Number of protein chains: 2
Amino acid sequence: MKQTIIEPRTLPGFMELLPEEQILFNQMLETIKNTYESFGFSPIDTPIIELSEVLLAKAGGDTEKQIYRMSKGDHDLTMRYDLTVPLAKYVAKNVQNLKFPFRRYQIGKVFRGERPQSGRFREFYQCDVDIIGDGALSIQNDAEIPAIIYHTFKNLGFQDFKIFMNNRKILTGLCEHLEVLDRATEVLRCMDKILKIGQEKVEKELLELQISQETIHQLLEVLSRKGTPSEILSFLENMPITNETFQTGLQELKAVTLLLPKLGVPMQNFCVDLSIARGLDYYTGTIYETILDEYPSLGSVCSGGRYDNLAEHYTKRQLPGVGISIGLTRLFYQLMKVGFLKAKTLTVSDVMLLPFETDSSYAMSVATTLRKHGIKTTVFLEEKSFKQKLNHANKIGIAFVGFLGEDEQKEGRITLKQMDTGEQRTCTLEEAIHWMQNM
Amino acid sequence: MKQTIIEPRTLPGFMELLPEEQILFNQMLETIKNTYESFGFSPIDTPIIELSEVLLAKAGGDTEKQIYRMSKGDHDLTMRYDLTVPLAKYVAKNVQNLKFPFRRYQIGKVFRGERPQSGRFREFYQCDVDIIGDGALSIQNDAEIPAIIYHTFKNLGFQDFKIFMNNRKILTGLCEHLEVLDRATEVLRCMDKILKIGQEKVEKELLELQISQETIHQLLEVLSRKGTPSEILSFLENMPITNETFQTGLQELKAVTLLLPKLGVPMQNFCVDLSIARGLDYYTGTIYETILDEYPSLGSVCSGGRYDNLAEHYTKRQLPGVGISIGLTRLFYQLMKVGFLKAKTLTVSDVMLLPFETDSSYAMSVATTLRKHGIKTTVFLEEKSFKQKLNHANKIGIAFVGFLGEDEQKEGRITLKQMDTGEQRTCTLEEAIHWMQNM
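Fair warning: this is a prediction, and the values are worked out from it, not measured in the lab.

Undergrad: Describe the overall build of chain A, listing the residues and the values that go with them.
TA: Helix and strand counts for chain A come out as 17 helices and 16 strands. Taking the principal axes of its C-alpha atoms as reference, chain A extends roughly 90 × 55 × 45 Å. Sequence-distant contacts in chain A: of pairs separated by 6 or more residues, those separated by 24 or more amount to 68%. Only carbon and sulfur atoms are counted for the fraction: they give 47% of the accessible area of chain A, which is about 18500 Å². Of the charged side chains in chain A, 51 are positive and 57 negative; the average position of the first set lies 3 Å away from that of the second.

Rendered as structure tokens:
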């Protein structure tokens, strides 16, 4: 039977990495997971496919347009487009079996049929942590979030980055005070763009919203205020704004800021920025963004905030929470592009064993011993010349190569070569294990 | 705005675990991943969605009926239903950038719209390893596979399990010898069921295939032959079958069996079983199945084999390979059901810190120190009575609880309690870290 050859291709907007890139990607994933777990978050895993009725309980507009939806049997199905809606469903469904505060992380792929363009993906990994309370959740949890962000990016190898924090209640209270509460959403969405489009353009847009020059001036004076967290806090405390929303937001911001040093977050990695606003209909208190100092063009690489009611579409129970999300696929793509990440090796192996002869039995028994001691070991099993074998080991960028000839076999030894330094020794397996474990 | 409440529910056939179960599931996933990596397999990750034209290049029949398929824009899309077809696409697409033999593992969800029934899932994890050669691949690789299976199940906590091995060429050669090569597929599919339905029913089915009583007798004599691997090998060597297919299969089986002891596979965990045949149109040489001695009703928990041509639908290049797959979702479900797995804790945390006061700042700085030393730490941050806090710690099944009152804070100490033994000590953080690290 003659075969038709189909061109093997991957859809645009779907990341598919070569092994050397995948190894780097998985290292990042592992670092994020380990940091989340170090803060005591437990894993959950929700289905990629859910009933459309369930997943789209809240959605509308852009979300509905972007989803991957299909019929199967009697079911109208949708692929998850974030990890927050599945979390809401999960918590509402299992509320009797969960212990609150419920600390969970979830790392997984989500799907959005956006127009594909450089750095935008239709299938991408989100890495989320959330803390969910039953009825109430202490503001102290909001302080833990910047600590999680800090340690995650520190562990990912970044030194210079800044966590921007604000509180939505301060913004809402300010709008109330300035008597523009009816246009608060538009005003804040506009102010949120100061960094991106500049003050002048923001002023122009605000004028178009029928905001008076006087009010714009007052807004800008507050929202573009710079200074240390304590300077900004005293500035806010001295403002003649008495409404409850503003005062609550101020107290929350203060509580969070005061706890941060205890959580090991250095002050140079943290600032209060009154202009950040984020998704305006979801967050209700503290909000977070994270900027890499050397790569500001990447935008916020980790964002989130406090919300009053996680699962209002699924239960009448009040479930407040606070959380963050890292969009890892996009971040990885950009870090590769700017050269922060560089692929070094095509293998996870620590060592490749090269048998001199076609009989690999000695190599296999050496490999078994090495693996027992935690050394990741590949045996080259093909019938090739010694030069070809060494060439293969070189190409995959492995750290150590072990030569196993007749002499080595007779003496139960190994000739081990460290590839980057060229150092080579014939030694016992114990010595070889010790050498590799210390690298 | 009044909200409509949608019942939060998960589709049948889609596994969604509680945190205490998810922790166990992830431990299994991690063990499998670590074992695969210890053999030098590198990770790859392919999209969950592919073009139908690409993913269904080979499919037909049942596969086409079971797939999740949808239209989006101009694209006809299909969700992956295994990890082998995506591997074939991946290797064919990247053939210029990969180094052969290419050793990859992939762990991920696949989707099949089967009729849901107990223990059958529509979304499930597959954990695959494959070794792919360019043009040729040494038979020695086939010996490594049982070693991977053995170490994986050993590391998963199993003692008593058996890896069944056979070689398809021996079966084909036997059919050729008995002059039933035209019905080989049906005959072998029938013989494959001996363990399940018994010899009598198999004989009956073979008669219906117009196989003579004499041939059935000869077939059964060979395929139901029991004994040690070397007994079965000498039995086969003494058979008067001279065709090349049979002889090649015999030599391959011999080569693999001889290497196994070098790879640390004990003989009690391995046997040659001439009756196993597996997916008959795909595998061309060595085949593997794995049975847990105590749970034979689970069927094969890890299967695979050698194939001549991985990617014939995507490239003219000959890419032989050998690999195995573990269907983890089903295995996990069954192991929970038979009680092999038991959920113990709702958290990945090692310790939960309970501040006596509402101010958690001392607890947070203790947590920061513990996390720095690799201790996964949760701080209980809610305003509750001490009894309620302790009750929460008890309910989530945590190993250690740390009490942080005024005295502890003054002295920079912690009162640590090991929950299962009840042992309690007030000590320095160094002592506490040492205690927990040694558990």
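Undergrad: Before we move on, could you go through the relation of the copies chain A and chain B and cite the residues and values that matter?
TA: The transformation that overlays chain A on chain B combines an axial shift of 0.0 Å with a rotation of 180°, and the residual RMSD is 0.0 Å. Those values place the two copies in the arrangement expected of a two-fold rotation axis. When each C-alpha of chain A is compared by its distance to the rotation axis, Met-70 of chain A comes out closest, at 2.7 Å. The overlap is high: 100% of the interface residues of chain A also sit at the interface in chain B, so the same surface is used on both sides.

Undergrad: Tell me what's going on with the environment of Gly-227 of chain B, and back it up with residues and numbers.
TA: Mapped onto the elements of the fold, Gly-227 of chain B is located in the loop between helix 10 (213-223) and helix 11 (229-237). Along the primary structure Gly-227 of chain B and Asp-420 of chain B are separated by 193 residues, whereas in three dimensions their C-alpha atoms are 48 Å apart.

Undergrad: So what about the side chain of Glu-252 of chain B? Which residues, and what values?
TA: Residues and elements named next belong to chain B. Structurally, Glu-252 can be placed in helix 12 (residues 244-259). The class for Glu-252 is buried, based on a relative accessible area of 16%. Discounting chain neighbours no more than four positions away, the residues touching Glu-252 are Ile-139, Asn-167, Lys-169 and Gly-285.

Undergrad: Let's hear about the pairing of strand 12 (residues 351-355) of chain B: which residues, and what values?
TA: Residues and elements named next belong to chain B. Burial runs high along strand 12: five of the five residues are buried. Side chains Val-351, Leu-353 and Pro-355 of strand 12 all project onto a buried face; the interleaved residues Met-352 and Leu-354 project onto the opposite face, where all are buried too. Bridge count for strand 12 against strand 13 (residues 377-379) is three bridges, and the pairing is parallel. Bridged to Met-352 within strand 13 is Thr-378. With helix 14 (residues 361-372) bridging strand 12 and its parallel neighbour strand 13, the resulting β-α-β unit is right-handed. Looking at chain direction, strand 12 and strand 14 (residues 400-404) are connected through five bridges and run parallel. Considered in strand 14, the bridge of Leu-353 is made with Gly-402.

Undergrad: Report on the sheet that holds strand 2 (residues 49-51) of chain B, specifying residues and quantitative values.
TA: Residues and elements named next belong to chain B. Taken together, three strands build an open sheet; the order of strands is 2-4-3 and the sheet is antiparallel. Two strands lie at the open edges of the sheet, namely strand 2 and strand 3 (69-72), each paired on one side alone. The average angle at which neighbouring strand axes cross in this sheet is 40°, direction not considered. Strand direction decides the pairing type here: strand 3 and strand 4 (residues 75-79), joined by four bridges, are antiparallel.

Undergrad: Would you mind going over the interface of chain A and chain B in detail, with residue names and values included?
TA: Opposite the 108 residues of chain A that make contact, chain B presents 108 residues. Where chain A abuts chain B, roughly 8900 Å² becomes buried across the two surfaces, and 60% of that area is made up of carbon and sulfur atoms. With a closest N to O distance of 3.1 Å, Glu-16 of chain A and Lys-93 of chain B form a salt bridge. Linking chain A with chain B are 55 residue pairs in polar contact (both at pLDDT 80 or more). The greatest single-element share of the side of chain A that touches chain B, amounting to eight residues, is contributed by helix 1 (residues 19-38) of chain A.

Undergrad: Could you give an account of the packing of helix 11 (residues 229-237) of chain A against helix 12 (residues 244-259) of chain A, with specific residues and numbers?
TA: Residue and element names in this part refer to chain A. One can describe the packing of helix 11 onto helix 12 by two numbers: an axis separation of 11 Å at closest approach and a directional angle of 160°. Looking at the two axes, helix 11 sits roughly antiparallel to helix 12. Between helix 11 and helix 12 lies a crossing whose hand is left-handed. Each of Pro-229, Leu-233, Leu-236 and Glu-237 in helix 11 lies in contact with helix 12, whose residues at this interface are Phe-246, Leu-250, Leu-253, Lys-254 and Thr-257. Here the residues of the contact of helix 11 with helix 12 sort into six nonpolar, one polar and two charged.

Undergrad: Would you mind going over helix 15 (residues 386-395) of chain A in detail, with residue names and values included?
TA: All names here are of chain A. Among all positions in helix 15, only Lys-389, His-392 and Ala-393 are buried. Down the axis of helix 15, the sector holding all buried residues measures 100°, keeping them to one side. In this structure, the buried residues of helix 15 make contact with strand 12 (351-355) and strand 14 (400-404). Looking one or two residues beyond helix 15, the residue adopting positive phi is Gly-397, at roughly 70°.

Undergrad: Give me the lowdown on the confidence of the model for chain A, citing residues and values where you can.
TA: Residues at a pLDDT of 70 or more form 98% of chain A, whose mean pLDDT is 94. In the predicted assembly, ipTM is 0.95 and pTM is 0.96.

Undergrad: Tell me about helix 12 of chain B, residues and numbers included.
TA: The first and last C-alpha atoms of helix 12 of chain B sit 23 Å apart over 16 residues, in line with the 22 Å expected at 1.5 Å per residue. Regarding helix 12 of chain B, the residues found buried are Phe-246, Gly-249, Leu-250, Glu-252, Leu-253, Val-256, Thr-257 and Leu-259 of chain B.

Undergrad: Give me the lowdown on the sheet that holds strand 4 (residues 75-79) of chain A, citing residues and values where you can.
TA: Residues and elements named next belong to chain A. Pairing is antiparallel in the open sheet, where three strands are placed in the order 2-4-3. Edge positions in the open sheet fall to strand 2 (49-51) and strand 3 (69-72), since each of these has one partner strand only. Strand-to-strand twist of the sheet, defined as the mean angle between neighbouring strand axes without regard to direction, takes the value 40°. Examined bridge by bridge, strand 2 and strand 4 share three bridges and lie antiparallel to one another. Across the sheet, residue Glu-50 finds its bridge partner in strand 4, namely Thr-78.

Conventions adopted
Residues numbered from 1 in each chain as written. Chains lettered and ligands numbered in written order. Predicted model: local features only at pLDDT ≥ 70, side-chain atom pairs only at ≥ 80, totals over all residues. Heavy atoms only, no water. Helix = DSSP H or I, 4+ residues; strand = E, 2+ residues; numbered from the N terminus. Contact = heavy atoms within 4.5 Å. Areas by Shrake-Rupley, 256 points an atom, 1.4 Å probe, with all protein chains shown as cover. Lys, Arg positive; Asp, Glu negative; His and termini not counted. Charge placed at Lys NZ, Arg CZ, Asp CG, Glu CD. Least-squares fit on C-alpha atoms with pLDDT ≥ 70 in both. Buried < 20%, exposed > 50% of the residue type's maximum accessible area, 1.4 Å probe, protein only. Pairing = 2+ DSSP bridges. Right-handed = clockwise from strand over helix to strand, strands pointing away. Axes fitted to C-alpha atoms, helices over the stretch in contact; angles between N-to-C directions. Buried area = accessible area lost by both parts, 1.4 Å probe. Salt bridge = Lys/Arg side-chain N within 4 Å of Asp/Glu carboxyl O. Polar contact = N/O pair within 3.5 Å; in protein donor to acceptor, adjacent residues only side chain to side chain. Parallel < 35°, antiparallel > 145°, perpendicular 65-115°, else oblique. Left-handed = near helix turned anticlockwise from the far one by under 90°. Nonpolar A, V, L, I, M, F, W, Y, C, P; charged D, E, K, R; others polar. Arc of directions from axis to C-beta. pLDDT = per-residue confidence, 0-100. Expected span 1.5 Å × (residues − 1).

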